[in-house]
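Descriptive analysis of the structure
Residue-level listing of the chains:
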Amino acid sequence: MISIKTLDEIEKLKVAGDIVGKTHNYLKQYIKPGITTKEIDKLAEEFILSQGATPSFKGLYGFPGSVCVSVNEEVVHGIPGDRVLKEGDIVSIDIGACYKGYHGDSAWTYPVGKIDSSKEYLLRHTEESLFKGLEVIKEGAHVGDIGYAVSKHANKYQLGVVRELVGHGVGSKVHEEPDVPNYGKKGKGPLLKAGMVIAVEPMLNLGTPHIYMLDDEWTIITADERPSAHFEHTVLVEKDGYTILTKR
Ligand code: MG
Ligand code: MG
């Protein structure tokens, strides 16, 4: 069942989302050549704690980091470690924060220093695909409308749409019903109602849509090892549209 949030729950989800947005803003200044993914994780955790929240992903299904930090061909679930970011890399940071039992979830892919034009192209059109997906959200729309809009945009720019990983409902758990795939058919899938909270999160690849998992059993990378980007917002479904809860 897809839960409709109460006003009290929505208030907490708004604070949680706001903390996630602020954490992204805070981290941005540190994303430079020379920083390790573990240092990014530590800065994120300290900031989230300073806001009176806890990192949602720490220990979730056993994940060892506070946030996911995925570089270049890594699609999602990169474990923070000793990898040093280099000029020309792209880095996806997926942040979850839990405030009074309610979560916010947002991923963003950042350039490290100056990046080449193909990576710029990937970042620009993946970010656009997120907003194409969000634009269709309102009471009465279907989850399939979102995926249709995202994949239509991805196809227009010949980007590979990752199908195995999907968006989701958000509430007292980070991952709730419904699944929100980045592909779909208009008018199909669960009906959206005001008060639902969902995360929309296109993961698009410069090459093949196919992916596989590394031996660490967390990190997902592209099958052709070409770069991947990930943009995600948690949003509240409203009567006439939507409100982004994880704005920065
Ligand atoms: Mg996320
Ligand atoms: Mg998510």
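Relevant structure appears above.
What comes next is a walk through the structure.

Thresholds applied
- Residues numbered from 1 in each chain as written.
- Chains lettered and ligands numbered in written order.
- Predicted model: local features only at pLDDT ≥ 70, side-chain atom pairs only at ≥ 80, totals over all residues.
- Heavy atoms only, no water.
- Patch = residues over 30% accessible without salt bridge, like charges linked within 9 Å, V, L, I, M, F, W, Y side chains within 5 Å.
- Areas by Shrake-Rupley, 256 points an atom, 1.4 Å probe, with all protein chains shown as cover.
- Salt bridge = Lys/Arg side-chain N within 4 Å of Asp/Glu carboxyl O.
- Lys, Arg positive; Asp, Glu negative; His and termini not counted.
- Charge placed at Lys NZ, Arg CZ, Asp CG, Glu CD.
- Helix = DSSP H or I, 4+ residues; strand = E, 2+ residues; numbered from the N terminus.
- Axes fitted to C-alpha atoms, helices over the stretch in contact; angles between N-to-C directions.
- Parallel < 35°, antiparallel > 145°, perpendicular 65-115°, else oblique.
- Left-handed = near helix turned anticlockwise from the far one by under 90°.
- Contact = heavy atoms within 4.5 Å.
- Donors = N, O, S within 2.8 Å, 3.2 Å for Na, K, Ca; no water.
- Expected span 1.5 Å × (residues − 1).
- Buried < 20%, exposed > 50% of the residue type's maximum accessible area, 1.4 Å probe, protein only.

Together, Lys132, Lys152, Lys156 and Lys186 give the surface a local cluster of positive charge. Among the structural elements, Lys152 can be located in helix α4 (residues 143–156).

Further remarks concern the packing of helix α1 (residues 7–28) against helix α2 (residues 37–50). Two elements in contact, α1 and α2, have axes separated by 10 Å at closest approach and are oriented at 135°. In terms of axis orientation, α1 runs oblique to α2. When you trace α1 past α2, the crossing you get is right-handed. In this structure, α1 uses Ile19, Lys22, Thr23, Tyr26 and Leu27 to contact α2, whose residues at the interface are Ile40, Leu43, Ala44, Phe47 and Ile48.

On to the coordination of the magnesium ion (ligand 2), then. Around the magnesium ion (ligand 2), the protein contributes the donor atoms Asp105 (OD), His168 (NE2), Glu201 (OE) and Glu232 (OE), at 2.1 to 2.2 Å from the metal centre. Here the donor residues of the magnesium ion (ligand 2) are spaced in sequence according to D-x62-H-x32-E-x30-E. Metal-to-metal, the separation of the magnesium ion (ligand 2) and the magnesium ion (ligand 1) is 3.1 Å; Asp105 coordinates the two. Of the two residues, Asp105 is situated in strand β5 (residues 102–111) and His168 in strand β7 (residues 167–169); the sequence distance between them amounts to 63 residues.

With that out of the way, let us pick up α1. The first and last C-alpha atoms of α1 sit 32 Å apart over 22 residues, in line with the 32 Å expected at 1.5 Å per residue. Taken together, the buried positions of α1 are occupied by Glu9, Ile10, Leu13, Ala16, Gly17, Ile19, Val20, Gly21, Thr23, His24 and Leu27. In the core, the buried residues of α1 are packed alongside α2, β4 (90–99), β5, β9 (197–200) and β14 (233–237).

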